[in-house]
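Coordinate inspection notes
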Amino acid sequence: DELRALDPTNPVLAKVGSAELVSEWHKARHEIPMGSLNKAVSEDELRTWLTRCDELLAQDQVGSIASDLFVAEKLDGISIEVIYRDGKMVDAITRGDGEWGERITSNVARMKGVPSKIKDRHSMSVRGEIIVRVSDLKKYFPGVTSPRNMAAGASKRLDGQGAEHCTVLFYDVADHLNLPTEVEKFAFLRSLGFATPRTAHGSIEDVIALHQRYVTEI
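In short, a report on the structure. (Residues numbered from 1 in each chain as written. Predicted model: local features only at pLDDT ≥ 70, side-chain atom pairs only at ≥ 80, totals over all residues. Heavy atoms only, no water.)

**Considerations on the overall build of the protein**
Looking only at helices and strands, the protein has eight helices and eight strands in total. Overall size of the protein, expressed as C-alpha extent along the three principal axes, is 65 × 45 × 30 Å. With 218 residues in all, the protein has 39% of them scored as buried. Looking at the protein alone, contacts between residues at least 24 apart form 72% of all its contacts between residues at least 6 apart. Of the accessible surface of the protein, which amounts to about 12800 Å², a share of 52% is contributed by carbon and sulfur atoms. Between the centroid of the 28 positive side chains of the protein and the centroid of its 33 negative side chains there is a distance of 6 Å. (Helix = DSSP H or I, 4+ residues; strand = E, 2+ residues; numbered from the N terminus. Buried < 20%, exposed > 50% of the residue type's maximum accessible area, 1.4 Å probe, protein only. Contact = heavy atoms within 4.5 Å. Areas by Shrake-Rupley, 256 points an atom, 1.4 Å probe, with all protein chains shown as cover. Lys, Arg positive; Asp, Glu negative; His and termini not counted. Charge placed at Lys NZ, Arg CZ, Asp CG, Glu CD.)

**Examining the pattern of salt bridges**
Evaluation of the coordinates by the stated rule reveals 16 salt bridges. The partner of Arg52 in a salt bridge is Glu55, with the nearest N and O atoms 3.5 Å apart. In this pair, Arg52 and Glu55 both sit in helix α3 (residues 43–59), three residues apart, roughly one turn of the helix. Residue class for Arg52 comes out partly exposed when judged on its relative accessible area of 46%. Residue classification places Glu55 among the partly exposed positions, given a relative accessible area of 40%. Across the salt bridge formed by Arg148 and Asp76, the nearest N and O atoms sit 3.0 Å from each other. Here Asp76 lies in the loop between β2 (69–72) and β3 (78–85) and Arg148 lies in helix α6 (residues 147–155), a separation of 72 residues in the sequence. Look at Arg148 and you get partly exposed, because its relative accessible area is 35%. Here Asp76 falls in the exposed class, since its relative accessible area comes to 57%. One salt-bridge network, in which partners are shared between bridges, spans Glu43, Arg47 and Glu205. (Salt bridge = Lys/Arg side-chain N within 4 Å of Asp/Glu carboxyl O.)

This is the structure we're talking about:
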């Protein structure tokens, strides 16, 4: 408590006593289970995955997807489900174990990229990632070296301090809205005012080239 009063953004606070602090957030069940994502860590693994996808699609008499791939940035933050009812943001739940998470609605409501109201009146669940941008880390949390640790700490602070300097980038929306492609899904999210990661769309060769740009330039 003394450290928190002296230096409320100190990264030690994200570690010391965190289990006691976050236990006061209420638990809530996800409307849609939040599973983890598979990964490929080399070009060979990516091409093997694509070959397997095409084999399965061929069984269903569907053509190759090698020229129709969608890419979105993988974010290193804290996964969150945000729920809207009648156009209003009503709930925000951390990933937790995928079935149950912690309801941190009051903090998420203060974060950048999260509209309090949207023009679509459907009840919907959207999934995003809480991050702290490097620019915000330098400006508001001097001395902190890990954006991810800061996002984790600020998002779950019971007093909400620092949440306004977090950003949520959204990348998924409930299936019942019948958006058939990732291109349309992201266009829908952006049309409602949700912040999203950068995306691209093209062939397997375009994906490999883009990855190389991230390695060498971005």
